[in-house]
Amino acid sequence: MLDSPERSDIFSNTTNVRESLHFHASQLPTPVTPLDDGKPKRRISHSDETPTKRPRLMAAESSKDTIDVDVEMDDVAAVKTRGCRRIAFRKLGLASNGYPTGSSRMLLPSRNILQSFVSSHTSDVFKCHSRSEDSFVTPPYACAYSNGAKRGGVPLLAVATEQGSINILDTTKRKEWDCEPARVTLEPHDNGIFDVKWNADDTLLATASGDKSTRISSVETQQLLSILDGHTSTVKCVAWDPTHRDLLTTGGRDGMLCMYDLRVNNLSDEDEIPARRPVITITAAHGQDKAGGRQKIRPLPRGVTSILYPDDRPHGLVSSGSFDGILNYWDLRLPSDKALKRSPKKPSFKPLFSSAVDPTTFHGARCRGITSMSQGSGPSAGLLFALGADSRLYTYSYPTLTPLRTETHRNLQTNSFYVRLATSPCGRWLASGSTSRAGSLFLFDISNAGRIAESYGMGADEPVSPALRFPAQAGEIGAVDWARDMVASCADDGTVRIWRPDLDMYQNCVANSEERKWEWLWST
């Protein structure tokens, strides 16, 4: 088992910035020079001049973190002093433009830890049983670990299937000859479930389905509590408000974002399951297709593929679309202007922030959509990660949603909107599925993802740490999620596989590959 990130020095809450960046002069802040200090101003010396006294760099008095660089002239040239000054101003420029800043110390790479992840063919494989008699298993579409599992509690994994059922699995590590723990099965839908999420206290499950509805189920009583209507097509994603147990938002193939409050808008009778309408509806959240030809056909909205609530902004929501790599940030607070309240027109919502450029166009002739998003934490805090339909992993800064860098793997294929992305609770690792025939799980080390490339599009696709490929199951691997010290992958063969770090077993598998391949899987 791994040590807790809070007790390890290398798991510090640090976002790294590459010191060799070059920014335009307009992006750098102007240093403040007091006018009434009574001291003569220092003339700026040129590079060919030798300073006449010991140089000393002090940050502006308004800065909280004082930068004090004291250089010995016998050891270091004066050029280094000016370099330190440029580095200090560059960091201030990053902060003013919304880029992640912090210590320039690079964290130790943890690729060796990722490489030690292994999975047993007997004790780490779970099957999704079919509800029909003509098949034994059914493909899983989505999975989610409980919030308690991410904090180190009992690892309960909710797996959503093609037939509309939910299997709650206990993925606690067990011995090879032990039986599988008892599972709980819910059947909230009769159609495929494309997303499932636990609420903050792990008492409720929200499921987004192809039947155009989102449903709320109780984990304890296993009963259906509420039906959320409002979408006109498949509901693709759902997210709970982390600060309020009664608020959640959904995104659909119809391009709509619907926010629900479980306390209001009950449209059912007392004897029926409560059906609720959204309190906020945002239509065409990512634009509409252009109408072409002479026929007057109403343009279709572009679908919403993924949504998430940022950790530091309870009233904000970030969404991605199926058409391009532009992310939108929405402020879900209603305006309080009395004039707007008297107006008969419904308020039109516009994103507060949007990505300035589409990073998917830097590597192809046309834009490609985003299949899934995940936010960083710990060493990757202040970053958003998005998986593109062009088989690339994109990194965005938050809250400006500016694309920073991209990386990929030669075997990574993500040309399907069923493939998901997930960040580990420690914020150091990222898991991704793949659409290749030989199902593979890909793990990325994002400990130093904050080290921005020198210029986006030129050298920005060089990986900070190469990804690892785990040949796991048969068919496409779509859903993935993390708990403490384990990651789950779901495949089209109807199985869910758990991966855990075990250095001794990994070394044994490498040394005796022909013997161990019948019992274990490991990275290649």
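The shown structure was predicted, so the numbers you read here are calculated from the model rather than taken from an experiment.

About the criteria used
- Residues numbered from 1 in each chain as written.
- Predicted model: local features only at pLDDT ≥ 70, side-chain atom pairs only at ≥ 80, totals over all residues.
- Heavy atoms only, no water.
- Helix = DSSP H or I, 4+ residues; strand = E, 2+ residues; numbered from the N terminus.
- Buried < 20%, exposed > 50% of the residue type's maximum accessible area, 1.4 Å probe, protein only.
- Contact = heavy atoms within 4.5 Å.
- Areas by Shrake-Rupley, 256 points an atom, 1.4 Å probe, with all protein chains shown as cover.
- Polar contact = N/O pair within 3.5 Å; in protein donor to acceptor, adjacent residues only side chain to side chain.
- Core = buried A, V, L, I, M, F, W, Y, C linked by side-chain atoms within 4.5 Å.
- Salt bridge = Lys/Arg side-chain N within 4 Å of Asp/Glu carboxyl O.
- Arc of directions from axis to C-beta.
- Pairing = 2+ DSSP bridges.
- pLDDT = per-residue confidence, 0-100.

Moving on, we get to the overall build of the protein chain. Along its length, the protein chain carries 6 helices and 33 strands. Every one of the 524 residues in the protein chain was classed for burial, and the buried ones make up 50%. Summarising the internal contacts of the protein chain: among those between residues at least 6 apart in sequence, 57% fall at separations of at least 24. Counting only carbon and sulfur atoms, one obtains 50% of the accessible surface of the protein chain, whose full area is about 26,500 Å².

Let us now look at the environment of S320. Its place among the elements puts S320 in strand 19 (residues 316–321). Residue classification places S320 among the buried residues on the basis of a relative accessible area of 0%. For the pair S320 and H286, spaced 34 residues apart in the sequence, the C-alpha separation amounts to 7.6 Å. Those residues within four positions of S320 in sequence are excluded, and the remaining contacts are H286, G303, V304, T305, S306, I326, L327, I370 and M373. A distance of 2.9 Å separates a polar atom in the side chain of S320 from a polar atom in the side chain of T305.

F117, L441, L443, W482 and W499 are the most contacted members of the largest nonpolar core, which totals 18 residues. When contributions to this core are tallied by element, the ones reaching two or more residues are strand 27 (429–432), strand 28 (438–445), strand 29 (468–474), strand 30 (477–483) and strand 31 (486–491). Residues F126, V159, A488 and I498 belong to the second largest nonpolar core, which totals 15 residues.

A word on the pattern of salt bridges. Taken as a whole, this structure holds 16 salt bridges when the rule is applied. A salt bridge links D124 to R500; the shortest N-O distance between them is 3.1 Å. Separated by 376 residues along the polypeptide, D124 in the loop between strand 3 (117–120) and strand 4 (125–127) and R500 in strand 32 (residues 495–501) bring together distant segments of the chain. Exposure class is identical for D124 and R500. Each is buried. The salt bridge partner of E519 is R516, with a shortest N-O separation of 2.8 Å.

If you check which residues of helix 5 (residues 503–511) are buried, you get M505, Y506 and C509. Across the axial projection of helix 5, the buried residues extend over an arc of 100°, all falling on one side. Facing away from the buried side of helix 5 by more than 90 degrees, the exposed set consists of D504 and A511. Tucked inside the fold, the buried residues of helix 5 contact helix 2 (111–115), strand 3, helix 6 (513–516) and strand 33 (520–522).

With that out of the way, let us pick up the side chain of S218. Counting through the fold element by element, S218 comes out in strand 11 (residues 214–218). In this structure S218 comes out as buried when scored by relative accessible area, which is 8%. Separated by 3.4 Å, the side chain of S218 and the backbone nitrogen of E220 make a polar contact. A polar contact of 3.1 Å, which involves the side chain of S218, links it to the side chain of T221. If we ignore the near neighbours within four places in the chain, the residues touching S218 are T203, L204, Q223 and L225.

All right, on to the pairing of strand 11 then. Counting buried positions over the 5 residues of strand 11 gives 5, a clear majority of the element. Of the two faces of strand 11, the one lined by T214, I216 and S218 and the one lined by R215 and S217 are each fully buried. Both strand 10 (residues 204–209) and strand 11 contribute to a ladder of 5 bridges, which runs antiparallel. Pairing of A208 across the sheet is with T214, part of strand 11. A loop of 4 residues connects strand 10 with strand 11, the two strands running antiparallel in sequence, and K212 in this loop sits at a positive phi of about 70°.

Turning our eyes to something else, we now look at the confidence of the model for the protein chain. On average, residues of the protein chain score 79 in pLDDT, and 72% of them are at 70 or above. For residues 1–42, every residue scores under 50 in pLDDT, and the model assigns this stretch 81 contacts once sequence neighbours within four places are set aside. Scored below 50 in pLDDT, residues 336–340 makes 2 contacts in the model with residues more than four places away or belonging to other chains.

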